[in-house]
Amino acid sequence: MVGTIIGSGIFLVPAEMMQAVGSAELVYLAWIVGGLLSFFGALTYAELGAMRPQAGGEYVYVRDAYGPLGGFLYAWTWFVIAKPASIATITTGLVRILGTFTVFAFFSKELITFPLPITYGQLVAVAATILISFLNYIGVKKAGEFQLIFTVLKIAIVLGIVVLGFTYGGGAWTHFAGHYAGAKGGILGFMAALVAALWAYDGWNDLNMVAGEVKNPERSIPIALIAGVAIVGALYMLLNAAVQYVLPADVIANSPRPASDAMALVLGRAGAAIVSAGMALSMLVGLNGTTMSGARVPFAVARDGYFFKGLGHVHPKFHTPSTSIIVQAVLAILLLLVGGSFRQLFSLAIFAEWLFYMIAGSTVFVFRKREPGTPRPYRVWGYPVVPLLFVAASAVLLYFTFRDNYPNSAIGTLVILAGIPVFYYFASRREGVKA
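Just so you know, these numbers come straight off a predicted model, no measurement behind them.

Chemist: How would you sum up the overall build of the protein chain? Please name residues and give values.
Modeler: Secondary structure assignment for the protein chain yields 18 helices and two strands. Rg of the C-alpha trace for the protein chain: 21 Å, near the compact-globule value of 22 Å for 435 residues, within the 12% margin. With the C-alpha coordinates of the protein chain rotated into their principal frame, the extents come out at 75 × 55 × 40 Å. Pairs at least 24 apart in sequence give 82% of the contacts found in the protein chain among residues at least 6 apart.

Chemist: An account of the layout of surface pockets is requested, with residue identities and associated values reported.
Modeler: There is about 620 Å³ of room inside the largest pocket. Lining the largest pocket are 22 residues; nearest its centre among them are M1, G144, Q147, L207 and M292. Broken down by secondary-structure element, the contributors of at least two residues to the lining of the largest pocket are helix 1 (2–5), helix 7 (140–166), helix 9 (206–209), helix 10 (217–246) and helix 13 (269–294). By residue number, the principal contributor to the lining of the largest pocket is helix 7, which donates five residues.

Chemist: Outline the packing of helix 12 (residues 258–267) against helix 13, supporting the account with residue identities and numerical values.
Modeler: Packing of helix 12 against helix 13 brings their axes to within 6 Å, and their N-to-C directions diverge by 150°. Taken together, the axes of helix 12 and helix 13 lie roughly antiparallel to each other. For the element pair helix 12 and helix 13, the recorded crossing hand is right-handed. Residues A259, S260, M263, A264 and L267 of helix 12 touch helix 13, and the partners they reach there are R269, G271, A272, V275, S276 and M279. Of the residues belonging to the contact of helix 12 with helix 13, the class tally is seven nonpolar, three polar and one charged.

Chemist: Report on the packing of helix 6 (residues 120–137) against helix 13, specifying residues and quantitative values.
Modeler: Their axes nearest at 9 Å, the elements helix 6 and helix 13 cross at an angle of 55°. Between helix 6 and helix 13, the crossing angle belongs to the class labelled oblique. The handedness of the crossing between helix 6 and helix 13 is right-handed. The residues of helix 13 that touch helix 6, namely those facing A128, T129, I132, S133, L135 and N136, are L284, L287, N288, T291 and M292. Of the residues assigned to the contact of helix 6 with helix 13, the class counts are six nonpolar, five polar and no charged.

Chemist: Give a description of unusual backbone geometry that names residues and reports values.
Modeler: At the junction of Y383 and P384, the peptide bond is cis and its omega measures out at 5° in the coordinates. Inspection of the secondary structure assignment puts P384 in the loop between helix 16 (342–370) and helix 17 (385–404).

Chemist: Please set out a nonpolar patch on the surface residue by residue, giving values where relevant.
Modeler: Among the surface-exposed residues, F106, L111, I112, Y120 and L123 lie close enough to one another that they form a single nonpolar patch of about 380 Å² accessible area. When residues of the nonpolar patch are traced back to their parent elements, those giving at least two are strand 1 (110–112) and helix 6. With respect to the helices and strands, the residue Y120 is situated in helix 6.

Chemist: An account of the nonpolar core is needed here, citing residue identities and associated values.
Modeler: M17, W31, W204, Y236, F307, W354 and F390 are the most contacted members of the largest nonpolar core, which totals 134 residues. Here this core gets 16 residues from one element, more than from any other, and that element is helix 5 (residues 68–98). If we skip the residues at most four places from it in the chain, W31 touches I10, V13, M17, A197, A200, Y201, Y236, M237 and N240.

Chemist: Outline the pattern of salt bridges, supporting the account with residue identities and numerical values.
Modeler: On inspection of all chains with the given rule, the structure shows seven salt bridges. Between E371 and R52 there is a salt bridge, with the nearest N and O atoms lying 2.9 Å from each other. Taken together, the residues E371 in the loop between helix 16 and helix 17 and R52 in the loop between helix 3 (24–51) and helix 4 (58–66) connect sequence positions 319 residues apart. A relative accessible area of 17% places E371 in the buried class. Look at the salt bridges and you will find they share partners, linking R52, R63, D64, D304 and E371 into a network.

Chemist: Pulling in residues and values, what's your account of empty space enclosed by the protein?
Modeler: A complete count under the given rule lists three cavities of 30 Å³ or more for this structure. Approximately 50 Å³ is the volume found for the second largest cavity. Along its surface, the second largest cavity is lined by P14, M18, V27, N240, V243, Q244 and I252. Elements with a contribution of two residues or more to the lining of the second largest cavity: helix 2 (9–21) and helix 10. For the lining of the second largest cavity, the element with the highest residue contribution is helix 10, accounting for three residues. Looking at the lining of the second largest cavity residue by residue, the classes come out as five nonpolar, two polar and no charged.

Chemist: Break down helix 7 for me, with residues and values.
Modeler: Helix length check: helix 7 (27 residues) gives 39 Å between terminal C-alpha atoms against 39 Å at 1.5 Å per residue, within 8%. Inspection of helix 7 places A143, F146, Q147, T151, K154, I157, V158, I161, V162 and G165 among the buried residues, and these make up the whole buried set.

Chemist: Outline the packing of aromatic side chains, listing residues and values.
Modeler: Across all of its chains, the model carries 29 aromatic pairs by this definition. For the pair Y74 and F356, a centre-to-centre distance of 5.6 Å together with 70° between the ring planes defines the contact as edge-to-face. Of this pair, Y74 sits in helix 5 while F356 sits in helix 16, placing them 282 residues apart in sequence. Accessibility classification places Y74 together with F356 in one group, the buried group. The side chain of R52 reaches across the aromatic face of F367, ending 4.2 Å from its centre. For R368, the ring lying beneath its charged end belongs to Y383, and the centroid distance is 3.9 Å.

Thresholds, definitions, all that
Residue indices follow the written sequence of each chain, beginning from 1 at its first position. Side-chain atom pairs in this predicted model are given and counted only at pLDDT of 80 or more, local residue features only at pLDDT of at least 70, and totals for whole chains, interfaces and linings cover all residues. In computing side-chain values, all of the structure's heavy atoms are included and hydrogens and water are not. The way it works is that DSSP assigns letters per residue, a run of H or I at least four long becomes a helix, a run of E at least two long becomes a strand, and they are numbered from the N terminus. We take the radius of gyration over the C-alpha atoms and set the globule estimate at 2.2 Å times the residue count to the 0.38 power. For this analysis, residues touch if any pair of their heavy atoms sits within 4.5 Å. Every definition here rests on a 1 Å grid over the protein atoms only: cavities are sets of points where a 1.4 Å probe fits but cannot get out, pockets are open sets enclosed by protein on both sides within 12 Å along at least five of seven lines, and lining residues have some atom within 4 Å of a point. Grid points are joined across faces, edges and corners, and a volume is the space filled by probe spheres set on the points. Between N-to-C directions, angles span 0 to 180 degrees; the directions come from axes that are lines fitted to C-alpha atoms, helices contributing only their stretch in contact. Roughly parallel covers angles under 35 degrees, roughly antiparallel covers those over 145, roughly perpendicular covers 65 to 115, and oblique covers all other angles. Less than a right angle of anticlockwise turn of the near helix away from the far helix marks a crossing as left-handed, whereas a clockwise turn marks it as right-handed. Any residue outside Ala, Val, Leu, Ile, Met, Phe, Trp, Tyr, Cys, Pro, Asp, Glu, Lys and Arg is labelled polar, Gly included; the first ten of those are nonpolar and the last four are charged. Residues enter patches when they are more than 30% accessible in relative terms and free of salt bridges; like-charged ones are connected within 9 Å and nonpolar ones (Val, Leu, Ile, Met, Phe, Trp, Tyr) within 5 Å. All accessible areas in this document rest on Shrake-Rupley with a 1.4 Å probe, and a residue is counted as covered only by the protein chains that are shown. In the sections that follow, a salt bridge refers to a side-chain nitrogen of Lys or Arg positioned within 4 Å of a carboxyl oxygen of Asp or Glu. We call a set of buried residues a nonpolar core when its members are Ala, Val, Leu, Ile, Met, Phe, Trp, Tyr or Cys and they connect through side-chain atoms within 4.5 Å of each other. The buried label applies to any residue whose accessible area, calculated with a 1.4 Å probe on protein chains only, is under 20% of its type's maximum; exposed applies above 50%, and partly exposed to all values in between. Each residue after the first adds 1.5 Å to the expected span of a helix. Pairing of aromatic side chains requires ring centres within 6.5 Å, counting the rings of Phe and Tyr and the six-membered ring of Trp. Pairs whose planes differ by under 30 degrees are stacked, by over 60 edge-to-face, and all others tilted. Only when the NZ atom of a Lys or the CZ atom of an Arg is both within 6 Å of the ring centre and within 35 degrees of the ring normal do we say a charge sits over the ring.

Given below as structure tokens:
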């Protein structure tokens, strides 16, 4: 949980958030609201995951609550938009961080110009996608060990930045009262900052997708979901505060890498380089978790007969959804080659993901009414208020995300609707096979 959530977001989005709201107080409010929203979602998912610990996560909940079409549209959206966009966003952030090293300055240069302009950095992002996809291809245990070892190192790096930041003699508490004059401001600005914060928190739901491969899922999933989001929230608050203590608001707003720039002041260029290397490692670990979970969704829907049969293939040696992993990587690579900024990619991912977080979260009400006798190893705390707040807040977020980033959100909506005829095509083939 922790390793997947802490990726590129916390190191990169503070600049986007300050540009959106213009003050430390509102940046922190966005972090708090985003953390609470994610925590309420985790509490809701803890009940769902413990009750239905099967591979596919939200696909299973939406399918069982709202029928095969709803489940398919979730899987379609995750497969075609959400996960490829998440992978592309993380690898784009990785290149952005590596580009701070002089030896990698050429990443921004174009390698070819026709038929599409492609930079060296895009090829590095493609290579990272292939590398982590291969790691997941050869076994979930190997990918899990990679996740565990480097997550511990990642937490140590975050705590190191916090300690060094607050011991910096040139820091000032007055920075927390500073403002950035060029901020978007208003409710739209706050919602833009909230979207950025939610991108940093994103990944809290990924554990449910691999529930079928978790030991003692009824107990493990609720503990990991609740404790994982709480730990990440605390780490995010501390790191953001350390950066704010070192850098004034206007510097944060104009820095593409606030944490790295803060450490450059504290330790010099060597310190910035260490932090940048740690950030790159952090992103690889987050990419690993995203790749691991995303491939289980098309695998689950293919096993139900509503998608290409090959996506439900399990590798005979490695016991992984190998075909699904490969196709997921190809879709992410296509996004990377077509291009798009870091902000555009995470906005596209957030809109698609939170639409179905809202729908999946609402299934807890359906199951409570329809299946009151089903064993629930964990019951969501604060029911029905907590899941209701999660669903309602998700709807508000989606409205403002659509309004603020209309082109990407419109594209996402059209792709989701395109899944309807695809579903009926596979449904007719499925019925034909049965007949």
